Structures are given as C-alpha cells and as structure tokens.
Amino acid sequence: MTSATLTRESPATLPPAPASPQRRSIPPRIRVQRTLLTVTIILIVIVQVYPLAWLLITSFRTASDFAGGNPFAFPTEFTLENYGRAFATGNLGLNIVNSLIVTLGASLLIVVAGMMAAYALQVLGFRFSGFVRALFLLGIIVPVQIALVPLFIDYSQVGLLDTHLSMIIPLAAFALPMSVYLFSSFYEYIPRENYEAGSLDGAGPYRIFAQITLPLSVNTIITVVLVNSIFIWNDFIFANTFVLSDGLKTIPLGLQNYIGAMGNTDWTATFAAVCVTVTPLLLVFLVLNKAMIQGLESGATKG
C-alpha cells in the first residue's frame, strides 16, 4: 500500500473530535451578588488598611509639614527624627518591655487555666459539669468596671498594687470564660476513641492530656493567644488603675508622655511611637493568621 493510499485513508480511521463544551451562562442575579460581594470586600480592605498606611506615612512627616499642610495629604518631606524623638520623649523601650511581660504572663495563664478547665468540663466530665460551664460563660457578660474598686482595695491590702501581677490576674480572669468556651468547643469534636485507646494503654488523665489533647490543641492555643493578646496589649483601664509608678507603665499609659503642657501634643512623634508598638503585634498576627482561622473553624466542623 502506497503512502498516498495511507494519507487518503487515515482521516477516515481517526475518531471524531469531541464537541467543545458550552459554557453555562451565569444568571444575572448571581453576577450582581458577586459584584456586590467584591465591592464590599474591597471597601472593607480599604477601611482596614488605609488607617495603618496613613499612620505609617505620617510617622515619617516633619512636624512643620504635618502642622502646616493637609494632615491627610501625601507628605512633601520625609524624616526619621520622629522615631528618635519618640524614644527620647518617653520611656518607650521600657513601656514595650512592660507590655510584653503583661501580655505573655496573662496569655500563659489564660491558656493553662482555660485548657485545664475545658478538659475537666468537656473530656473528663463530672456531676453538674454543664452547670459549671454555664457559670464560666456568664463571665462573658460581666463588665470589667465593676471589679476595679474591689480589686484596688484587695491589692492594696495584700501588696499586689503597682506590680505586673496586678494587671496580669484580672486580664487573665476576664478572658478566661471565652477561652474555656473555645477550648470546650474544640474538645467536643475530638473522637472519644482517642481517649479510650489511651486509657487501654494504661494512660491516666494527666498523660492523656499531655500526649493527646495538648498536641491536638495547637491551633486553638494560637487562636486564644492572638485574640486575647490584642486586648491585653492595648489595655488601658487596668493599667491606669493599678499602676502608680512610671517604671511599670505599659504602652497605652506611656503614650500619655507625648502630651505636653497645655495639652500640646507632638503628633508626629506619637505616630512614630504607635507604629513601633503596633508593628510587632501586626507581624505576629500576619504570620499566624492561618493557624488562627483553623483554630476558629475547628469547633465548627467535626474532624
């Protein structure tokens, strides 16, 4: 058979080409909903990002440029003197150290107490455990203001006034109900077979907690720490009530040092100080946001 014959016969032996699939048209109502959702997300991002961008840009503006021009306009001059003046005007470094001590101490207490309480209520269980859990959740609606005067009197009597513990204890206590709720919601969906297998291997409740519950709770721990750290880092009411000396002032109290006589405020130095104090927490949040989202979702889906 010649090559010409093969050429003439080969198209007949090829399978027919598949018909190209037709795209399903999206209904107009769905397109409108997607457009509205996209616009809403863009607006939310702008509202959230613009203040941070404006704060960062303003921290590099000169004092004369900020005072003489439009404060929301793009700066004409950039300078790093604001950051030097921010550290020179107040004890910014010491304020950051104090806030770090309070935040780490309160977060550690929240995680340890919250995990143990949730483990006892949800995993071990006991009589009236549901009632005790309801009492914990009632603490969410208790305002912090009602505890200021009693705590101030008690601290002055036991010698805890004007100490780091005077801030750590109430901050951890008022954050404990929500932490217990988050840990309990997560423990509810851990398969009971895991605990039964550990019991059959001879593990007691403490060993089960350390080798089974704790490793599975990493994302929830990160979530609890990040959610509470934002409020602890920015706390003003407890620090302003229980701290009397300059050496123990946290960042919110330290920012008052930038207010001069007759209410004059060095705004550019203040913005520089705020940038320095906000950046560490923002970076940690951006790095661990995925683990935080997984921790929040762990109580919603069984797995």
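Residue indices begin from 1 for each chain and proceed along its sequence in written order. It should be noted that, the model being predicted, local features are given only for residues of pLDDT at least 70 and side-chain atom pairs only at 80 or more, the latter also being counted only at that level, while totals for whole chains, interfaces and linings use all residues. Only heavy atoms go into the side-chain values, all of them from the structure, while hydrogens and water stay out.

Draft legend 1. Region of interest: the overall build of the chain. Of regular secondary structure, the chain possesses 14 helices and zero strands. Its helices and strands taken in sequence order, the chain reads α-α-α-α-α-α-α-α-α-α-α-α-α-α from the N to the C terminus. Per-residue accessibility, obtained with a 1.4 Å probe over protein chains only, is compared with the maximum for each type, and a residue is labelled buried under 20%, exposed over 50%, and partly exposed between these values. The burial tally for the chain puts 32% of its 303 residues in the buried class. Only heavy atoms matter for contacts: two residues are in contact if any of them lie within 4.5 Å across the pair. Across the chain, the fraction of contacts at a sequence separation of at least 24, relative to all contacts at a separation of at least 6, is 72%. Counting only carbon and sulfur atoms, one obtains 69% of the accessible surface of the chain, whose full area is about 18,800 Å². What counts as a helix is a DSSP run of H or I of at least four residues, what counts as a strand is a run of E of at least two, and both are numbered from the N terminus. Surface exposure here means Shrake-Rupley accessible area, sampled with a 1.4 Å probe, where a residue is shielded only by the protein chains that are shown.

Draft legend 2. Molecular detail of a nonpolar patch on the surface. Only residues whose relative accessible area exceeds 30% and that form no salt bridge are eligible for patches; like-charged ones are grouped when within 9 Å, while nonpolar side chains (Val, Leu, Ile, Met, Phe, Trp, Tyr) are grouped when within 5 Å. Salt bridge, as applied in this entry: a Lys or Arg side-chain nitrogen positioned within 4 Å of an Asp or Glu carboxyl oxygen. Together, F128, F131, L135, L137, L138, I140, I141, V142, I146, M178 and Y181 make up an exposed nonpolar region whose accessible area comes to about 1,100 Å². Mapped onto the nonpolar patch, the elements with two or more residues apiece are helix 6 (129-138) and helix 8 (165-187). Of the residues forming the nonpolar patch, the biggest block, four residues, is contributed by helix 6. Tracing the chain through its elements places I140 in the loop between helix 6 and helix 7 (148-158). The class of I140 is partly exposed, set by a relative accessible area of 41%.

Draft legend 3. Structural detail: the side chain of N82. As for its placement among the helices and strands, N82 is situated in helix 4 (residues 81-89). Whenever two N or O atoms come within 3.5 Å, that pair is a polar contact, provided that in protein one can donate a hydrogen and the other can accept it, and provided that, for residues adjacent in sequence, both atoms are side-chain atoms. In this structure the side chain of N82 is engaged in a polar contact, spanning 2.7 Å, whose partner is the backbone oxygen of S59. Reaching out from N82, the side chain makes a polar contact with the side chain of R85 at a distance of 2.8 Å.

Draft legend 4. Quick peek at unusual backbone geometry. Within the chain, F128 stands out as a residue other than glycine whose phi angle is a positive 65 degrees. Here F128 shows up in the loop between helix 5 (92-124) and helix 6. Overall, the relative accessible area of 55% leaves F128 in the exposed class. Phi at D162 takes a positive value of approximately 65 degrees, unusual for a residue other than glycine. Turning to its location among the elements, D162 is positioned in the loop between helix 7 and helix 8.

Draft legend 5. Representation of the pattern of salt bridges. Scanning the entire structure with this criterion turns up one salt bridge. Among the ionic pairs, D246 bridges to K249, the shortest N-O distance being 3.2 Å. Residue classification places K249 among the buried positions, given a relative accessible area of 17%.

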